[in-house]
Amino acid sequence: IVFTGRVDVGTSEQVQIECVASTMAAPGGGGGGGGSGEQAAPAPRIGTATRIRSAQRTSALAWSPLAAHAQYLVTGTAAGTLDLSFNTSGVVELYALDFTDGDVHSTTFEPVASAPTASKFQSLAWGTTGVKDGKFSHGIVAGGLDDGTICFFNPKSLLDGGVAADDGSSSSGGSGDVVVASAQHHQGGVQDLDFNAFDARFVASGGADGKVFIYDLSDAAAPKVYTPGAATSTLADVTCVRWNCKVQHILATTVRSGTTVIWDLKAKKSVVSFSDKTKHTHCRAMAWHPLNATQLVTASEDDAEPVIQLWDLRNSTAPVRYLQSHKAGISALSWSHVDPSLLLSVAKDGHSLVWDVNSGDVLCELDGKQREGYNFTAAWSPLLPAVAATCSVDAELAVHAVQDPSARRAATTVHSDLGTL
């Protein structure tokens, strides 16, 4: 099957992309004509996924949230990895999906900018901080390091060739520095970060020390730090933090034991906590529904219970639905904001699955098959339709394009500004 698409590059010029895509048989499908005369049941809607770019990296990652710079992907050397020289330092890098060079058949890409860091990354997030007031034209990237430090990077300075200090610090904290500021309030690795979509001055962090912090970047060079409320007894080894997509002051946090806590920052307290009493789940990932303020999904990294749970906070006594297909613990989740029916999950069984949340069906599998080295992180682009990035434990950073054959999402044109700066 040939996947074809047209990419708008910000001008009247369009570049044709053509690459081979693999398909995935419908679950329970027989494959050929059996001759029995019986009419087969309608098969679930099955899509295809095509790898469009890759690089040899083991990295945390985050997409640009800015429409003018939607082509950029930031990565940071993943914590817990070593190269042949046993180097303990890391590097932050920017990649660009640039199809204007004419080499549309190439599936590899190299970073367009990079800078060294003193430690390696457990998490990355990219926010629109400072864009409206012109202080940071490309926003700010927050990096959670394995030593408990959070570094705030200026991606525009990185593109301009700036270099971070050897210790990851910044001398002046100005908008021209690669590292705008750094802060260390966690006593362990910073396992997750998330910018508030309504007000990108605010960044939430969760750490292995069980603490949750809110950073205020009103003065980006000197961030203020707060807590969302009084600590709860369930806060231990925070694995995921996510701002609600519809209500500005609501934050969700998950802990490895399987408990999810919902915080109301206006009231400065937790308003509800819940877990699945019927399953022994170790929660690793969580995502809010992009449109429904009361719904979210959690995922278990427990190999004995590799399940995705859909919750509705109007009644959080039990999950509304289970999504079950993985055979080992789930490492990451990403819910598409371009198409809210699409959920991406990656797991230790080597499978990276695209789900239709509405039906509970698996639409397709990235790369069309099981990987030997599993993907440990994944993220949909917030702006490029059906484009997702993953990274695996065997050092493969990849960008995929997903196509759904249904009439509702049959368009093959990816609309985005992929022009150069």
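From N to C terminus, the protein includes one helix and 31 strands. Split into buried and exposed, the 421 residues of the protein put 54% on the buried side. By sequence separation, contacts in the protein at least 24 residues apart represent 55% of the contacts at least 6 residues apart.

Another point: unusual backbone geometry. Notably, Ala 386 is not glycine yet its phi reads approximately 55°, a positive angle. The residue Ala 395 is not glycine, and still its phi comes out positive at about 65°. Here Ala 395 lies in the loop between β29 (387-392) and β30 (397-403).

Here four strands make up an open sheet; going across it, the order is β20-β21-β22-β23 and the pairing antiparallel. At either end of the open sheet lies a strand with only one pairing partner, and these are β20 (283-288) and β23 (321-323). If you compare each strand with its neighbour and ignore which way they point, the axes differ by 25° on average.

A separate point is the pattern of salt bridges. Counting across every chain of the model gives 13 salt bridges. Among the salt bridges present, the one from Glu 396 reaches Arg 51, with a minimum N-O distance of 2.7 Å. Separated by 345 residues along the polypeptide, Glu 396 in the loop between β29 and β30 and Arg 51 in strand β3 (residues 48-55) bring together distant segments of the chain. When its relative accessible area of 22% is taken as the criterion, Arg 51 is described as partly exposed.

Basis of the calculations
Residues numbered from 1 in each chain as written. Predicted model: local features only at pLDDT ≥ 70, side-chain atom pairs only at ≥ 80, totals over all residues. Heavy atoms only, no water. Helix = DSSP H or I, 4+ residues; strand = E, 2+ residues; numbered from the N terminus. Buried < 20%, exposed > 50% of the residue type's maximum accessible area, 1.4 Å probe, protein only. Contact = heavy atoms within 4.5 Å. Pairing = 2+ DSSP bridges. Axes fitted to C-alpha atoms, helices over the stretch in contact; angles between N-to-C directions. Salt bridge = Lys/Arg side-chain N within 4 Å of Asp/Glu carboxyl O.

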